[in-house]
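Fold and contact review
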Amino acid sequence: QVQLVESGGGLVQAGGSLRLSCAASGSIFRVSTMDWHRQPPGKQRELVARIRSGGSTNYADSVKGRFTISRDNAKNTVYLQMNSLKPEDTAVYYCHRAADFISSEYWGQGTQVTVSS
């Protein structure tokens, strides 16, 4: 069983920055692919960024150059640094552990990010 707990959301003005954190329980974090997803109001959930166990990353085109995903295996934590925030980044952000041969997928409870214009 894996528990994911997000923190760091809030209200910020356009152009500002926030850093989201996701603390994971369990012993499989270091071998897990971890994602951040978001769900804007009235829209479908979408993948924002991914970091694999080896450290390679992928980003949605809409956040490339502005968001950075990173991980600290010693703290079982994955981060999402969000810079140059735009009103269209407003969403509930979810931490996610991708399913693999070791374990099933897990989701955090979500954290609200609101960017005012």
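Residues numbered from 1 in each chain as written. Predicted model: local features only at pLDDT ≥ 70, side-chain atom pairs only at ≥ 80, totals over all residues. Heavy atoms only, no water.

1. Here we look at the overall build of the protein
Helix and strand content of the protein: zero helices and 11 strands. Moving toward the C terminus, one meets the helices and strands of the protein in the order β-β-β-β-β-β-β-β-β-β-β. Taking 13 Å as the expected radius of gyration for a compact globule of 117 residues, we find that the protein reaches 13 Å, a close match to that expectation. Referenced to the eigenvectors of the C-alpha coordinate spread, the extents of the protein come out at roughly 45 × 25 × 25 Å. Here the protein holds 117 residues, and the buried ones make up 44% of them. Once local pairs closer than 6 in sequence are excluded, the contacts in the protein between residues at least 24 apart make up 53%. (Helix = DSSP H or I, 4+ residues; strand = E, 2+ residues; numbered from the N terminus. Rg over C-alpha atoms; globule rule 2.2 N^0.38 Å. Buried < 20%, exposed > 50% of the residue type's maximum accessible area, 1.4 Å probe, protein only. Contact = heavy atoms within 4.5 Å.)

2. Remarks on the nonpolar core
With 27 residues, the main nonpolar core has L4, W36, F67, V78, L80, M82 and Y93 as its most contacted residues. Breaking this core down by element, the ones donating at least two residues are β3 (18-24), β4 (34-39), β5 (46-51), β7 (67-72), β8 (77-82), β9 (91-97) and β11 (111-116). With four residues, the top contributor of residues to this core is β3. The contact partners of L80, leaving out residues within four places of it in the chain, are L18, R19, L20, W36, V48, A49, F67, T68, I69 and Y93. (Core = buried A, V, L, I, M, F, W, Y, C linked by side-chain atoms within 4.5 Å.)

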